[in-house]
Amino acid sequence: MGMEMDQLYSDIILEHNQNQENKKELSDFTLSEHGHNPSCGDDITLQVKLEDGIVKDAAYTGHGCAISQASADMMIDVIKGKTVAEAMRLTGLFLDMIKRDVTDEDELEELEDAIALKNISNMPARVKCAVLAWHTLKEALEKENK
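We now turn to the structure provided with this report.

## Remarks on the overall build of the chain
Phase 1: When you go through the chain residue by residue, the secondary structure sums to 5 helices and 3 strands.
Phase 2: Starting at the N terminus, the α and β elements of the chain follow one another as α-β-β-β-α-α-α-α.
Phase 3: Its C-alpha atoms give the chain a radius of gyration of 14 Å, near enough to 15 Å, the size a compact globule of 146 residues would have.
Phase 4: C-alpha atoms of the chain, sized along the principal axes, occupy 45 × 30 × 25 Å.
Phase 5: The buried share of the chain, reckoned over its 146 residues, is 45%.
Phase 6: Contacts in the chain between residues at least 24 apart in sequence constitute 56% of all its contacts with a sequence separation of at least 6.
Phase 7: In the structure as shown, the chain presents an accessible area of about 7,300 Å², 49% of it carried by carbon and sulfur atoms.
Phase 8: The chain carries 15 positive and 29 negative side-chain charges, and their two centres are separated by 5 Å.

As C-alpha cells, then:
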C-alpha cells in the first residue's frame, strides 16, 4: 500500500473524528452499552434503537482519541439500516480485518470508510482504540440475542 493510500486513510479518519452527526444522545433507544479502554482513556456509550430486528438508529457519546471516535462514527454509518444479524456479521468482519484474518479489499468493501482503519493492525497500541466501539456494539447485540 502506497503513501497516497495512507494519506487518504488518515484524511478519512480525521473527517470522521470531526463529524459529530452520530455523536449525540438518542431520545429513543432500546439498547445502551458502555465501553471503556483504560490504556487510552477512551470512553463511549453506545445507544442503539432496534425495531423489527433492524438497527433503526444508533449514536454514541463519550470521549477519546481520534481513532476511537472516528471508528465509532464509521461503525454507526455502516450498521444503520442493517439487520441485527448483518450488523453482527459486519462487526465480525471489522474485527477480522484488524486481526488480519481478512485482508481482501473486495471483501472489506462492505465496511465502507471503516476500511481506512485497516493499517491500525500495524500499531498494536492503537488497536484497542479502533475496536472499542465495535466490541461495545457486539456486547450490546449479543445481550439482545440471548
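## Describing the packing of aromatic side chains
Phase 1: All chains considered together, the criterion is met by 1 aromatic pair.
Phase 2: Ring centres of F94 and W134 lie 4.0 Å apart, and the angle between their planes is 5°; on these two criteria the pair is classed as stacked. Here F94 is found in helix α3 (residues 84–98), whereas its partner W134 is found in helix α5 (residues 124–145), with 40 residues between them in sequence.

## Some words on the sheet that holds strand β3 (residues 54–63)
Phase 1: Overall, antiparallel pairing links the 3 strands, which are arranged β1-β2-β3 in an open sheet. Edge positions in the sheet fall to β1 (31–37) and β3, since each of these pairs with one other strand and no more. Strand-to-strand twist of the sheet, defined as the mean angle between neighbouring strand axes without regard to direction, takes the value 20°.
Phase 2: By the bridge criterion, 9 bridges tie strand β2 (residues 42–51) to β3 in an arrangement that is antiparallel. Bridge pairing in β3 links E51 to I54.

## Some thoughts on the layout of surface pockets
Phase 1: Quantified by volume, the largest pocket comes out at close to 190 Å³.
Phase 2: Lining of the largest pocket is provided by D6, Y9, S10, I13, L14, A66, I67, A116, L117, N119, I120 and M123.
Phase 3: Mapped onto the lining of the largest pocket, the elements with two or more residues apiece are α1 (3–18) and α2 (66–79).
Phase 4: Top contributing element to the lining of the largest pocket by residue count: α1, with 5 residues.
Phase 5: Taken together, the residues of the lining of the largest pocket sort by class into 9 nonpolar, 2 polar and 1 charged.

## Focus: the nonpolar core
Phase 1: Membership of the largest hydrophobic core comes to 45 residues, with the highest contact counts inside it found for F94, L111, L117 and W134.
Phase 2: Of all the elements in the fold, those that place two or more residues in this core are α1, β2, β3, α2, α3 and α5.
Phase 3: No other element matches α5, which puts 9 residues into this core.
Phase 4: Sequence-distant contacts of L117, defined by excluding residues within four places in its chain, comprise I13, I67, S71, M74, F94, M97 and I98.

About the criteria used
- Residues numbered from 1 in each chain as written.
- Predicted model: local features only at pLDDT ≥ 70, side-chain atom pairs only at ≥ 80, totals over all residues.
- Heavy atoms only, no water.
- Helix = DSSP H or I, 4+ residues; strand = E, 2+ residues; numbered from the N terminus.
- Rg over C-alpha atoms; globule rule 2.2 N^0.38 Å.
- Buried < 20%, exposed > 50% of the residue type's maximum accessible area, 1.4 Å probe, protein only.
- Contact = heavy atoms within 4.5 Å.
- Areas by Shrake-Rupley, 256 points an atom, 1.4 Å probe, with all protein chains shown as cover.
- Lys, Arg positive; Asp, Glu negative; His and termini not counted.
- Charge placed at Lys NZ, Arg CZ, Asp CG, Glu CD.
- Phe/Tyr/Trp six-rings, centres within 6.5 Å; stacked < 30°, edge-to-face > 60°.
- Pairing = 2+ DSSP bridges.
- Axes fitted to C-alpha atoms, helices over the stretch in contact; angles between N-to-C directions.
- 1 Å grid on protein atoms, 1.4 Å probe; cavity = no way out; pocket = protein on both sides within 12 Å on 5 of 7 lines; lining within 4 Å.
- Points joined across faces, edges and corners; volume = space filled by probe spheres on them.
- Nonpolar A, V, L, I, M, F, W, Y, C, P; charged D, E, K, R; others polar.
- Core = buried A, V, L, I, M, F, W, Y, C linked by side-chain atoms within 4.5 Å.

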